[in-house]
Amino acid sequence: MILKRSKSLVFLIGFFSFIVPFAAGAAVSELEINYDPAAFTAPATLSVATSSPESMAASLPWEWQALTTIYEYSFATNGFYDPSRPLQIKISYPDADKYYKQIFIYDAWSKVWRPIPTADEPETGYVTATTDSTAGRLILLSNPDLMTVGSASWYAFKNGLFAASPDFAKGSVLRVHNLANGKSVDVTVNDWGPDRGLHPDRVIDLDKVAFSRIASPAAGLISVKVEPLKIVVPESKKAVPQSTGELTLTASSAVLVWEKNGQVLWGKDEEKVSPLASLTKLVAAKIFMETKPDLKKVVSYKKADEEYNNKYCPPGESARLRVKDGETMTIEDLLYSALVGSANNAVESLVRVSGLNRAAFIARMNEAVKKWGASSTRFIEPSGLSPDNVSSPLDYAIITKEVFTDALLKKISTTQRYTFKTRNTKKAHTLTNTNQLLKTNTYPIIGSKTGYLDEAGYCLMTRVATAQGNLIAINFGSTSKANNFLDNEQIIRFGQRLLQNLLAKDK
């Protein structure tokens, strides 16, 4: 038995196991590598060095959080290594962690970290994996968007081996372990839920049939561990993988702003001026509210309102409130139609009933944004149908902050569904918000607006509350409707990570 230690190097001769501790404050994480003595044809010498995750922060995937140090190891031998006898990696993590964990190995050729299949043992606080690489860098990372340890309940729906998950996409296959009795069941995700806003520690819900395999339904709630067997990744996410510390989007320009101080936390060509499409509507709504309207006043719709829209878009092709000349509704109904349903004709109706002539109304829109400091923004009509309505993500962040000083506009912009009836014809109208991120309740959204034109691509502004202050996430020119929401969601999540890291450093 010969064991020598020199600074950060560990030499092991004649043994098949080694342990390298790493102290992080009061907590200690450990790397252990076990191997079959027959794996090497001659004695092997192992060296290990450790470094801080911050030393490679730019390459670590930002969606994940480091649980351990970076371990750089290498075996030296005068013989040969038999890759059919893989090295057994075991890493303990210092703190209880209820999220999906994987060991990542650094790919020096592509300069990215790649995950390897990892088994988590949360009861004892360690993970295991295998590798046939005799040298490399590795680290244990945790994904705080994928909870794998917590409670589970049941529901009666499909009567099969199914589950509802707020984290894993439909089609994903998960092995759910009952931590109390060791029983497990394999289930396929076919629904969304439970709502983490209501049940923060609920990791998954199982169909009653699946729940019965590992516990009595009378138990109601059990402690479980979820082991992903097959993770379904949507095609849109495959198009923009977040494999490094830099945010990747399909959008041509974007910005992330910390609202309380106006700080740009991240940007991609954020000063680039381009069409902003229906994001125009929020400015029109702000100017309309400044006229102090009586929202309960009943007004008539005029066919002439949509004729303004037809100058920029063929009749019937733009988003519109489907009403006829002479039908009546309240001004409030028009306002919700303009922002929730993004109805272009409703915007023109608001302009008409504002008490200002149309040219004066548009002039006020331009005057207001200049006063707010959005110097690159210009409007020639109020709905966003003209590609000559232009702004930049940075300008629109300034606009967003000013628009949502109006509490009603904040409320309307985040209303998922609005229903009303025309007063004289009693025709029912149901409007659904065009921002799909509102449907899942994943983020505390306190302001939003979508936009699309052929010339603009897909655009989205979302304002999200956090414990550290509001975030404004804006993307212009995303390549598809699906990528529009994915791009914006990535910006939001990236911002949440940044603020969490800032808070951690302050502590």
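Residues numbered from 1 in each chain as written. Predicted model: local features only at pLDDT ≥ 70, side-chain atom pairs only at ≥ 80, totals over all residues. Heavy atoms only, no water.

Undergrad: Help me understand unusual backbone geometry in this model?
TA: Most peptide bonds take the trans configuration, and most residues that are not glycine carry a negative phi. Omega for the bond connecting G193 with P194 falls within 30 degrees of zero, at -5°, which places this linkage in the cis form. Following the sequence through the fold, P194 ends up in the loop between β17 (184-191) and β18 (202-207). In this structure, K111 is a non-glycine residue whose phi angle is positive, near 60°. Residue position: K111 is located in the loop between β9 (99-107) and β10 (112-116). Even without a glycine there, the phi angle at N159 is positive, about 55°. (Helix = DSSP H or I, 4+ residues; strand = E, 2+ residues; numbered from the N terminus.)

Undergrad: I keep staring at the environment of T405 and nothing clicks. Help me out?
TA: Considering the arrangement of structural elements, one finds T405 in the loop between α8 (393-403) and α9 (407-413). For T405, a relative accessible area of 58% translates into the label exposed. Along the backbone, T405 and L265 are 140 residues apart, and their C-alpha atoms lie at a distance of 22 Å. In this structure the side chain of T405 is engaged in a polar contact, spanning 3.1 Å, whose partner is the side chain of K286. Within the structure, the side chain of T405 is placed 2.6 Å from the backbone oxygen of E402, a separation counted as a polar contact. (Buried < 20%, exposed > 50% of the residue type's maximum accessible area, 1.4 Å probe, protein only. Polar contact = N/O pair within 3.5 Å; in protein donor to acceptor, adjacent residues only side chain to side chain.)

Undergrad: In this structure, what is going on with helix α7 (residues 358-372)? I would like to understand it.
TA: Structurally, the α-helix is built with 3.6 residues per turn, so residues lying three or four positions apart point the same way. Compared with the 21 Å implied by 1.5 Å per residue over 15 residues, the 21 Å span of α7 between its first and last C-alpha is a close match. Residues of α7 that are buried: R358, F361, I362, M365, N366, A368, V369 and W372. Considered in projection along α7, the buried side chains sweep an arc of 160° and stay on one side of the axis. Every exposed residue of α7 that faces more than 90 degrees away from the buried side is listed here: A359, E367 and K371. The backbone nitrogen of A359 has a side-chain oxygen 3.2 Å away, supplied by the residue at the start of α7, namely N357. One or two steps after α7, the chain reaches G373, where phi turns positive at roughly 110°. (Expected span 1.5 Å × (residues − 1). Arc of directions from axis to C-beta.)

Undergrad: Please explain the packing of aromatic side chains as it appears in this structure.
TA: Remark: the centre distance and the inter-plane angle together describe each pair of aromatic rings, the angle taken between the planes. Summed over all chains, the structure comprises 14 aromatic pairs. Ring centres of W64 and F104 lie 4.9 Å apart, and the angle between their planes is 70°; on these two criteria the pair is classed as edge-to-face. Of this pair, W64 sits in the loop between β5 (44-51) and β6 (65-66) while F104 sits in strand β9, placing them 40 residues apart in sequence. Accessibility classification places W64 together with F104 in one group, the buried group. Plain terms: the ring middles of W266 and F494 are 6.4 Å apart, the flat faces sit at 70° to each other, and that makes the pair edge-to-face. With W266 in strand β21 (residues 263-268) and F494 in helix α10 (residues 481-506), this pair connects stretches of sequence that are 228 residues apart. The same class applies to W266 and to F494, which are both buried. Each residue in the set Y35, F40, Y73, F75 and Y81 is aromatic and connected to the rest through ring pairs, giving one cluster. Above the ring of Y126, the side-chain terminus of K90 is found at 4.1 Å from the ring centroid. Sitting above the plane of the Y308 ring, R358 keeps its charged end 4.0 Å from the centroid. (Phe/Tyr/Trp six-rings, centres within 6.5 Å; stacked < 30°, edge-to-face > 60°. Lys NZ or Arg CZ within 6 Å of the ring centre and 35° of its normal.)

Undergrad: Would you explain the pattern of salt bridges in this entry?
TA: Side chains that differ in sign of charge can pair as their charged atoms come close. Evaluated as defined, the whole model comprises 20 salt bridges. With a closest N to O distance of 3.3 Å, K303 and E306 form a salt bridge. Pair noted here: K303 and E306 are both in helix α4 (residues 303-309), with a separation of three residues, about one helical turn. Residue classification places E306 among the buried residues on the basis of a relative accessible area of 9%. Through salt bridges with shared partners, one network takes in E63, D145, R493 and R497. (Salt bridge = Lys/Arg side-chain N within 4 Å of Asp/Glu carboxyl O.)

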